Amino acid sequence: MASLFKDPTKISAYRDRRFNGTQEEFEQALLNSTTVYIGNMSFYTTEEQVYELFSRAGEIKKIIMGLDKNSKTPCGFCFVLYYSREDTEDAVKYISGTILDDRPIRVDFDWGFVEGRQWGRGRSGGQVRGGYGKLVQRELEAQRQLVDYGAGSLGTFPPVMPPHYGKHGGGHGHGGSYRHGRDYHRKRHRDDDRHGREAPKRNSDHESRRASDHDSDSRPEKNPRFRESGDSDDEEDNDNKRRP
Amino acid sequence: MSSWKSLLLRIGDKSSEYNSSSDFKDHIETCFGALRRELLHSSSEILPFLLQCSEQLPHKIPLYGTLIGLLNLEDEDFVKKIVENTQDSFQDALDSGKCDIIRILMRFLTVLMCSKVIQPASLVVVFETLLSSAAITVDEEKGNPSWQARADFYVICILSCLPWGGAELAEQVPEEIERVLVGIQAYLSIRRHTSNSGLSFFEDGESGGDIEKDFLEDLWERIQVLSNNGWKVESVPRPHLSFEAQLVGGKSHEFGPISCPEQPELPSTISAVAYGKQKHEAELKYPQRTRRLNIFPASKTEDLQPIDRFVVEEYLLDVLLFFNGCRKECASFMVGLPVPFRYEYLMAETIFSQLLLLPHPPFKPIYYTLVIMDLCKALPGAFPAVVAGAVRALFDKIADLDMECRTRLILWFSHHLSNFQFIWPWDEWAYVLDLPRWAPQRVFVQEVLEREVRLSYWDKIKQSIENAPALEELLPPKGGPNFKYSGVDGQGKTEQEQALSAELSNKVKGRQSAREIIVWIEESIYPIHGLEVTLSVVVQTLLDIGSKSFTHLITILERYGQVMAKLCSDQDKQVMLIAEVGSYWKNNAQMTAITIDRMMSCRLVSNLAIVRWVFSPENIEQFHLSDCPWEVLRNAVSKTYNRITDLRKEISSLKKGVISAEEAASKAKADLEAAESKLSLVEGEPVLGENPAKLKHLKSVAEKAKEEEESMHDSLEAKEALLARALDENEVLFLSLYKNFCTVLMEHLPDASSDVTLQSLKSIHGDSMAVDLEESSTMEVDDENGIPKKSQSNGGKASNTCNVKEKEQWCLSTLGYVKAFSRQYASEIWPHIEKLDAEVFTEDVHPLLRKAVYSGLRQMSNEL
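Residues numbered from 1 in each chain as written. Chains lettered and ligands numbered in written order. Predicted model: local features only at pLDDT ≥ 70, side-chain atom pairs only at ≥ 80, totals over all residues. Heavy atoms only, no water.

If you check an unreviewed UniProt entry, chain B appears there as Nuclear cap-binding protein subunit 1 from Hibiscus syriacus. Here chain B is described in UniProt, under the heading Subunit (unreviewed entry), as follows: "Component of the nuclear cap-binding complex (CBC), a heterodimer composed of ABH1/CBP80 and CBP20 that interacts with m7GpppG-capped RNA." As recorded by UniProt, the Sequence similarities (unreviewed entry) comment attached to chain B reads in full: "Belongs to the NCBP1 family." (UniProt positions renumbered as here; feature names shortened; annotations may be inferred.)

In the annotation of an unreviewed UniProt entry, chain A is listed under the name Nuclear cap-binding protein subunit 2 and assigned to Hibiscus syriacus. Under the Sequence similarities (unreviewed entry) heading, UniProt states for chain A: "Belongs to the RRM NCBP2 family." Under the UniProt heading Subcellular location (unreviewed entry), the note attached to chain A is "Nucleus".

So, in structure tokens, the structure goes:
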């Protein structure tokens, strides 16, 4: 509907270098596709969680989990195939940038799953977070800014409501908790400096999530096939620099 | 983006384009200055962009209108084109029934009138044209009252203009506008009150929907208050007043007459059904935009003038409409409306009213979920508390909330919480544990937790309720499979089955083909062990092999689905198959639903078999306790519906294909004929026909085109046949669904002759708990299955908040779902209504069932 603020020609900022074809063919494929690529997922997220979330945009045909090529375990991305184009568009519009399993995920049109694409492209088998990862970070950063966006008339009023749900006062507040959540990653990161030193190249967001996962004991039990460690990789054939 | 564009876009916003000023006069002057400079070179670009802005940012229309008024002083021709353009779009929108465009363009015209671009009299002519069309529609003799939805829509559009230009009209053309208002009053006296029943959020009282004012009556009242108030509206900016001295110098442009589309034809036979069908069609085309939820105490919004509430709702609904998919803009416009008061309660109520809107919200519920999340982030100090207030208010009234709304609320709330670390003051709701199992509040909490677990995982959700640890009782089971042949408790008789299961499992691991396994079953299993054992072993074992994930399930169904299909060739056996799924996944509602859904996808089970399973005794007794059977039923009906929708889409695109193939074929034929009849010189002699090579080519082109046309026709015919079959099957599905509803409700509802109402069902409760317990423990459902009632212990504590007894709650829930299904698929049910009336809704059907169906279909009982 809104054509004023959206550049309809820009369908994806990401260009898959494994796509055999011209830029136009690539864009055409994205425009007709009923497949979405989901990135920045937790390694623990199951197909059923993906199903529950993504079926809210429409009937799902198939889910393909991205797997680490060496360990054959999920490595943070997947493809969801829909039956209808409309549902595909809604998944991109409404789910990208929201939280699944405590992580903000990115949802993008994909040119179509072909056998082989389920394997992570990282040098050590995992998924590349180079090109995509940067996009994810930028996007999530932009969405985080929403928090400070209240420049309109409502924003100019000081809040009168106590910033929590509670009738009972105290405890966890919702509004408060969001602010908390907003600084959460950064804060955790600082707390987790020692982890950071151990694995300085890890994606900070991911690392902090792992460290903050209170249930690291119970979780692997649910998904015994998931590996514990590992993170974003460089693409084998690629020159992308990792985020410092 | 060139600077004039961003100035136009950002006008009225507190933005860098305007140095964060919030003075509209400054904005208009700055923007006007920029446009004036560009007008000479870029007028052809400015015009469409300006119109696009006013259409998609309708809350800024007063600013655009004033700008256009000022431009009118500079370049009359440019503004003349704007007016002509608007006239064309308006006529087009009327002809094709584009409601949003009609509404917005009328506001635009009103504002152009305020800025002296068009004459007030022209605007009055527009009003009168619409009003007279409306009046004819509701006239029994000349019109077609079943199309009242359109008539109401026109009148609502007229009234909706008045906050923007009522003052000007009253000042400049007082008699004319008075005449219009009198006309509207007359219209209101002829039209029928629109009963909300069937579409209202709450089922409070029997006739509540009829006493309440409908949307038009309500708007009329607000406009009357406004008129008595000297047309003062705080929520509508009036920037043209600052420029009045200049604007009066502008030349007014002609706005020609418009025409409303023809009155829809009356049905050929006058009957309640024909009337109902047309009314349904009209309401689909001219839907009511919103329905107020009214969940907050009046104190939260009472300082607003009645009209301000309407105006702010319009703003919010338009932002939601036009900024669907633009998260940042949507959130920032929602919070930055040009009004001098706070409106977060109104905003929350408006969004929730859309999320819960019946029969369908304009967008998928997940869109509103996203908007609510973004607003919580954009206004972290204010909005989350308001959202929580809305949740509490809805939770308090959950027993009266429509069933469909309850489902949407559960899905929304669980999803929302999953984005905010699952934080919620659950201790507030811990008391639901003291309520009986069927208490709607308790069921709500249990279903929210179920969905939370699906989005996350059991331990995480367990931890999220640590402030009310007792609620763990309402968490779903941990969700693992329940494999009969896991070897854990293999006793006696099943040892043999266990061995069979292991054998089958080995065959699958050894990659034996489906065919080989079928042969093995047919030769050495079925004849010896009989159907039940064979089915149980095969289904359980295959499900277990496919139990690791959704993909494992799909793979096993793709590879060995035939084995099950061969075994379950008829409906009875398919029901057994589904029951086996239910037993294997009895601890996991999601996998139960997904597995049955996939089995329907690969046509292992029919929708009719699913309906039969849903209405099996063990499920019936869950109707008021759990969403699980309903989820399965919803999936089955929705998949059937999706198949039909896909076929319709394919047919419509094939039809287009046929037309272009026909055109191509006739063109090729014409080319060929033209070439054949052309004289050409061959060896100096004139011969009929062009040179042979070219002719040959044309001939083959024409043949190919003809073939193409025929094959398109063939595939269209094939698809149409498929659709016809699907529609027949759909009829059978709804017949079966309603027959089942009819049967189970007959068994549970009090005798029809006792003049029972929903309200009386709700108020049937024992004077003392002892009576309550005794009666509920003798319910037929429980007797039939001999299932011990856990609720008895809880029932004793049930007190103030849930007095409804189990049987009555069962009836209320089931009737609620009857209504929800009827409403959601009303368009698919209407074509079969004659058959349904003849075969199911006969005279002895229970009046409460009939009422639920008809109110879902919006077939009014007084129209029968």
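Quick look at the overall build of chain B
Along its length, chain B carries 37 helices and 2 strands. Taken along the three principal axes of its C-alpha coordinates, chain B extends 105 × 100 × 60 Å. With 864 residues in all, chain B has 58% of them scored as buried. The long-range share in chain B, meaning contacts at least 24 apart out of those at least 6 apart in sequence, stands at 77%. (Helix = DSSP H or I, 4+ residues; strand = E, 2+ residues; numbered from the N terminus. Buried < 20%, exposed > 50% of the residue type's maximum accessible area, 1.4 Å probe, protein only. Contact = heavy atoms within 4.5 Å.)

Overview of the pairing of strand β1 (residues 35-39) of chain A
Residue and element names in this part refer to chain A. Of all the 5 residues making up β1, 5 are buried; the element is thus mostly covered by neighbouring parts of the structure. Of the two faces of β1, the one lined by Thr 35, Tyr 37 and Gly 39 and the one lined by Val 36 and Ile 38 are each fully buried. Here β1 runs beside strand β6 (residues 106-110); their pairing, made up of 5 bridges, is antiparallel. Note that in β6 the partner of Thr 35 across the bridge is Asp 110. (Pairing = 2+ DSSP bridges.)

Things to note about helix α18 (residues 403-418) of chain B
Three- or four-residue spacings in an α-helix give side chains the same orientation, since the helix completes a turn every 3.6 residues. All names here are of chain B. With 16 residues, α18 extends 23 Å between its outermost C-alpha atoms, agreeing within 8% with the 22 Å of an ideal straight helix rising 1.5 Å per residue. By the criterion of burial, α18 is predominantly enclosed, with 15 of the 16 residues buried. At the N-terminal boundary of α18, the capping side chain belongs to Asp 402, with an oxygen 2.9 Å from the backbone nitrogen of Glu 404. (Expected span 1.5 Å × (residues − 1). Polar contact = N/O pair within 3.5 Å; in protein donor to acceptor, adjacent residues only side chain to side chain.)

Here's the deal with the domain arrangement of chain B
Residue and element names in this part refer to chain B. Here the domain parsing of chain B yields domain 1 (3-259 + 266-285), domain 2 (298-420) and domain 3 (495-639). A C-alpha centroid distance of 24 Å is found between domain 1 and domain 2. Each side of the interface is counted separately: domain 1 has 34 residues, and domain 2 has 32 residues. Taken together, the two surfaces of domain 1 and domain 2 that pack against each other cover about 2,800 Å², and 66% of this comes from carbon and sulfur. The three residues of domain 1 that bury the most area against domain 2 are His 59, Phe 201 and Arg 222, which together make up 25% of that side's buried surface. For the pair domain 1 and domain 2, the number of links is 4 salt bridges. For Glu 314, the salt bridge is made with Arg 107, and the minimal N-O distance between the two is 3.6 Å. Counting across the interface, domain 1 meets domain 2 through 8 residue pairs in polar contact (both at pLDDT 80 or more). For the side of domain 1 that touches domain 2, the secondary-structure elements that each account for two or more residues are α2 (24-56), α5 (99-114), α7 (148-172) and α10 (215-228). Per-element accounting of the side of domain 1 that touches domain 2 gives the leading share, 6 residues, to α10. Of the residues in the side of domain 1 that touches domain 2, the class split is 17 nonpolar, 6 polar and 11 charged. (Domains from an automatic or database assignment. Buried area = accessible area lost by both parts, 1.4 Å probe. Salt bridge = Lys/Arg side-chain N within 4 Å of Asp/Glu carboxyl O. Nonpolar A, V, L, I, M, F, W, Y, C, P; charged D, E, K, R; others polar.)

Some details on the environment of Leu321(B)
Residues and elements named next belong to chain B. As for its position among the elements, Leu 321 is in helix α13 (residues 306-322). Residue classification places Leu 321 among the buried positions, given a relative accessible area of 11%. Remark: the alpha-carbon pair of Leu 321 and Trp 429, spanning 108 residues in sequence, is separated by 35 Å.

Examining the side chain of Glu48(A)
Tracing the backbone shows Glu48(A) in helix α2 (residues 47-54). Glu48(A) has contacts with Arg454(B), Ser549(B), Phe550(B), Gln590(B) and Met591(B), leaving out every residue within four places of it along the chain.

Quick notes on the side chain of Ser822(B)
Residue and element names in this part refer to chain B. Mapping Ser 822 onto the fold places it in helix α34 (residues 806-824). Looking at Ser 822, its side chain comes within polar contact range of the side chain of Tyr 738, at 2.6 Å. For Ser 822, the residues in contact, after removing those within four places along its chain, are Tyr 738, Ile 829, Val 853, Gly 856 and Leu 857.

Some details on the environment of Thr110(B)
Residue and element names in this part refer to chain B. Position of Thr 110 among the secondary structure elements: in helix α5. Residue class for Thr 110 comes out buried when judged on its relative accessible area of 0%. Along the backbone, Thr 110 and Ser 122 are 12 residues apart, and their C-alpha atoms lie at a distance of 10.0 Å. Setting aside anything within four residues of it in sequence, one finds Thr 110 in contact with Leu 123, Cys 161, Trp 164 and Gly 165. Within polar-contact distance, the side chain of Thr 110 engages the backbone oxygen of Met 106 at 2.7 Å.

Quick word on the packing of α13(B) against helix α15 (residues 344-355) of chain B
Geometry of a packed helix pair, given as the angle between the helix axes and the separation of the axes. Residues and elements named next belong to chain B. Where α13 meets α15, the axes come as close as 10 Å, and the angle between the chain directions of the two elements is 55°. As far as their axial angle goes, α15 and α13 are oblique. Seen along the crossing, α13 lies across α15 with a hand that is right-handed. For the pair α13 and α15, contact is made by Arg 309, Val 312, Glu 313, Leu 316, Leu 317 and Leu 320 and by Leu 346, Met 347, Glu 349, Thr 350 and Gln 354, respectively. Residue composition of the contact of α13 with α15, by class: 6 nonpolar, 2 polar and 3 charged. (Axes fitted to C-alpha atoms, helices over the stretch in contact; angles between N-to-C directions. Parallel < 35°, antiparallel > 145°, perpendicular 65-115°, else oblique. Left-handed = near helix turned anticlockwise from the far one by under 90°.)

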